[in-house]
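# Commentary on secondary and tertiary structure
Spelled out, the chains give:
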Amino acid sequence: MTLSIGGMGCASCVGRVEDALRALPGVDRVSVNLATEQATIESDQGLPDANTLRQAVADAGYQVETDDLVLDVQGMNCGACSSRVQRVLDQTPGVTDAAVNLANGQARVTVLTGAITAADLARRVTDAGYESKPLEAGPDREDRERARRAAELTGLRRAVMIAAALTLPVVVLDMGGHFIPAFHEAVHGAVGTQAVYLLFFVLATAVQFGPGLRFYRKGWPALVRGAPDMNSLVMLGTSAAYGYSVVATFLPGVLPAESVHVYYEASMVIITLVLVGRFLEARAKGATSEAIRKLMGLKPRGARVWRDGAWQDVDVDQVQVDERVQVRPGERIPVDGQVVEGQSWVDESMITGEPIPVDKQAGGEVVGGTINGQGSLTVQATRVGADTVLAQIIRMVESAQASRLPIQALVDQVTRYFVPMVIGVAVLTFVVWMIFGPAPALTLALVNAVAVLIIACPCAMGLATPTSIMVGTGKGADMGVLFRGGDALQALRDVEVVAMDKTGTLTRGRPELTDVVTHGNVSRERVLALAGALESRSEHPVAQAIVRAAQGADANAGEPDVQDFEAIPGKGVRGTVDGQEVRIGSWRYLDESGVDAESARKAAESLAEQGRTPLLMAVSGEMTALLGVADPPKESARQTVQRLHDLGLKVVMITGDNCRTAEAVARDLGIDQVLAEVLPDGKADEVARLRGEGGTRVAFVGDGINDAPALAGADVGIAIGSGTDVAMESADVVLMSDDLGNVVNAIALSRATLRNIKQNLFWAFAYNVTLLPVAAGVLYPVFGLLLSPVFAAAAMSLSSVSVLSNALRLKRFRPEKMSSNA
């Protein structure tokens, strides 16, 4: 279950929410993401009910966001019906409250945001025997997220403007007096020092308990619970400066004469700068989740369905499997399905990354979210709702963005104790300066303690990892590279060997006619016409390669007549074509048939050494042609292998093909090691053996059902997206197109993301470790330097923004473009 958590301000908050949820019975795994403000909870036995989850988070000082949904329920006739619907809703995971009204046929349900959709609720009620649909669907998730982000930004923008407007006069009057003594004397001489202090007090109070009230609302409860957070630090620091100034204004006699000074401008500027930082942070955080919003924006909202003898416009969530859907020119295809009528070109770039539209006609498969061209299509739905490819992509990206790298556990452990440590350092700073500091000791002790509280930034540490993961996995989705989780993102960076299946992965997976060598006076076109006609009666893949070549050359335009067709297993085929006996097969087959094929024997062996299947053709007992059939490498295969070598990786091919063919392909592509004649169930064993060689980290790339065990057994399994669903389900990384160049792109992106994370963590930790002592005043004895709380606030605000900005640099990652003639 995924929950939306409100009120988290820094990484220490993440640790407290995780501890609260992990302590609940039945909860096995918890992952909280500060950047997305979501908590993912997993259980092997069954999760606690929604209210227990919400209460646990509330007891930790945070809140679980909820949504109110309304369902229209038809078919309820009595109290027993409404009670049954009530029971179904109450037992649904994620539902916190439900009220079923028999009179108006409605059910009002409160759910944990993100845990379940209105459509899923309606489906559960329908499965219970009652027709149900969302009555007030409201904005979908994309709109809700946008609305929430917009509301947050609007609130922060308003708070910044108010705080800045009230702070500016104080800064001008106070700081201007420091830089221009005559200005100070003129102001204080005209209205008096006490009057100036009273003006400062009024404006500072408005900022402290206006825009600054948010720090008290969140920081004080956290402090009382013994779990202070970033809000607590800002609250303590600004309250200390503000409170000291109030005493100096109204009770100056209780302070030493040399310490009577006000710091209203410090508390006001600190609040303003922190708010500016949070505003910039909120904008940057919104940019990190752009990939998910773009994916959700691809989902069509409605569909035109054939029902009750007419085309009807319905919500896309109401489309059922096997229903016929009409897709007009220029529309997005609403569901996954098969074309049953019409012809058009479909833009599938959002799935495959390939910009060239694909021809679709009856029998062709289409994917929901892709864009129809100029033609009209009628599609029979095969996958709807959460089962569509687009929905699976969104779930995969969400899962990856919500995941945590192993290093994050250490970061969370540090940040959990970071804020209490900062408060301790601030108290120690105050005491040391009071005892050993020069006059005015109280003033210096206060200023340095406030600087310590304000400069600390656990937010930067908490955002360092998740923001990079979000941007990195989002960039991967744009490229057609889908990571199932953050662990795959990290593991891929460390691989040393890339093992690949051959057929369908390194090669195109479909045999092609590569060579036609004629003997005697017969033309190439006549050879293709006779061979294509004869092989058209065979279902063998090699035969089909010859047929396709003949059709491509238009050699079968006359459609030669075929009689007495016979297939000899393991040898070849024979038949009568246009009154002539034609035989096609191995050299041994023709030799056994009495055909003198010795002249072609060496050429046939040469083709075999090149990884091609040699076929000899005889017409009326005379040697006529030598044909070569092969499964050619993909255009990007050779360059992909070279790029993997450039990255310092060893490339291994694992295949069930014979050694001669496998070695030929390996030589052509530059592959380091070949493991040939491996049975399907032996691929996983070979991967395990490679991993066992000195603890080598192995990535396996495959696309077929027989690759699934090897994909699951490798350190990182990479599935070619054009392959089978089983392979994709077994993989850690899914490539949405069959372009092998994306293997290189996935590894390069993994390395770039982990490098970005390290940069963020270094900056976050170095910032805090370096500047906390400076704020405490360690440079004062040697250099006479102290850090103003105002500059501390500016540095703290910029720290989080810098981490987010660095993470956003991953959006500029450029995939490697493979040349078409590679």
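Parameters at a glance
- Residues numbered from 1 in each chain as written.
- Predicted model: local features only at pLDDT ≥ 70, side-chain atom pairs only at ≥ 80, totals over all residues.
- Heavy atoms only, no water.
- Helix = DSSP H or I, 4+ residues; strand = E, 2+ residues; numbered from the N terminus.
- Buried < 20%, exposed > 50% of the residue type's maximum accessible area, 1.4 Å probe, protein only.
- Contact = heavy atoms within 4.5 Å.
- Areas by Shrake-Rupley, 256 points an atom, 1.4 Å probe, with all protein chains shown as cover.
- UniProt positions renumbered as here; feature names shortened; annotations may be inferred.
- Patch = residues over 30% accessible without salt bridge, like charges linked within 9 Å, V, L, I, M, F, W, Y side chains within 5 Å.
- Salt bridge = Lys/Arg side-chain N within 4 Å of Asp/Glu carboxyl O.
- Axes fitted to C-alpha atoms, helices over the stretch in contact; angles between N-to-C directions.
- Parallel < 35°, antiparallel > 145°, perpendicular 65-115°, else oblique.
- Lys, Arg positive; Asp, Glu negative; His and termini not counted.
- Charge placed at Lys NZ, Arg CZ, Asp CG, Glu CD.
- Left-handed = near helix turned anticlockwise from the far one by under 90°.

### A look at the overall build of the chain
Looking only at helices and strands, the chain has 30 helices and 30 strands in total. Counting across all 822 residues of the chain, residues that qualify as buried make up 52%. Here the analysis covers contacts within the chain between residues at least 6 apart in sequence; of these, 67% occur between residues at least 24 apart. Summed over its atoms, the accessible surface of the chain is roughly 35,300 Å², and 54% of this surface lies on carbon and sulfur atoms.

### Here's the deal with helix α23 (residues 637-646)
Looking at α23, one finds that the buried residues are A637, Q639, T640, V641, R643 and L644. Just downstream of α23, G648 is the residue with a positive phi angle, here 85 degrees.

### Brief notes about the UniProt feature "transmembrane region" (unreviewed entry) in the chain
Taken from the UniProt record, the annotation "transmembrane region" (unreviewed entry) applies to residues 159-183, 195-213, 233-255, 261-280, 417-436, 442-465, 761-780 and 786-808. What you have in residues 261-280 is 85% helix and 0% strand, and the ends, taken at the C-alpha atoms, are 33 Å apart. The distance from the first to the last C-alpha atom of residues 442-465 is 40 Å, and the span holds 92% helix and 0% strand.

### A closer look at the side chain of D707
Following the sequence through the fold, D707 ends up in the loop between β28 (698-702) and α26 (708-713). On the basis of relative accessible area, D707 is assigned to the buried category, the value being 0%. Beyond its immediate stretch of four places on either side in the chain, D707 contacts D501, K683, F700 and G702.

### What about a nonpolar patch on the surface?
Taken together, the side chains of V427, L428, F430, V431, V432, M434, I435 and F436 define a hydrophobic patch exposed on the protein surface, amounting to about 750 Å² of accessible area. Tracing the sequence through the fold places V427 in helix α14 (residues 406-436).

### Some words on the environment of Q326
Here Q326 is to be found in strand β11 (residues 324-327). Separated by 21 residues in sequence, Q326 and V305 have C-alpha atoms that sit 6.4 Å apart. Those residues within four positions of Q326 in sequence are excluded, and the remaining contacts are R304, W311, E331 and L377.

### Comments concerning the pattern of salt bridges
One pass over the full model with this rule turns up 25 salt bridges. Ionic pairing is found between R29 and D44, a salt bridge with its closest N-O pair at 3.0 Å. With R29 in strand β2 (residues 29-33) and D44 in the loop between β3 (38-42) and α2 (50-59), this pair connects stretches of sequence that are 15 residues apart. D44 gets classed as exposed once you look at its relative accessible area, which sits at 56%. Put simply, D515 and R612 hold a salt bridge, and the shortest N to O gap is 2.7 Å. With a gap of 97 residues between them, D515 in strand β20 (residues 512-518) and R612 in the loop between α22 (601-609) and β24 (613-619) connect regions that are remote in the sequence. Looking at R612, the relative accessible area reads 25%, which means it is partly exposed. Within the structure, one salt-bridge network assembled from shared partners comprises E566, R574, E581 and R583.

### Comments concerning the packing of α23 against helix α28 (residues 741-776)
Running from N to C, α23 and α28 point in directions that differ by 25 degrees, and their axes come no closer than 8 Å. Taken together, α23 and α28 sit at an angle that is classed as roughly parallel. Mapping the contact onto sequence places T640, R643 and L644 in α23 and G741, V743, V744 and I747 in α28.

### A word on a positive patch on the surface
A cluster of basic residues, R755, R809, R812 and R814, forms a positive patch at the surface. Here R812 shows up in the segment after α30 (789-808). When its relative accessible area of 58% is taken as the criterion, R812 is described as exposed.

### A look at the packing of helix α15 (residues 441-455) against α28
Running from N to C, α15 and α28 cross one another at 165 degrees; their axes reach a closest spacing of 8 Å. With respect to α28, the axis of α15 lies roughly antiparallel. Crossing hand, α15 versus α28: right-handed. Contacts between α15 and α28 involve N448, A451, V452 and I455 from the first element and Y767, N768, L771, L772, A775 and A776 from the second.

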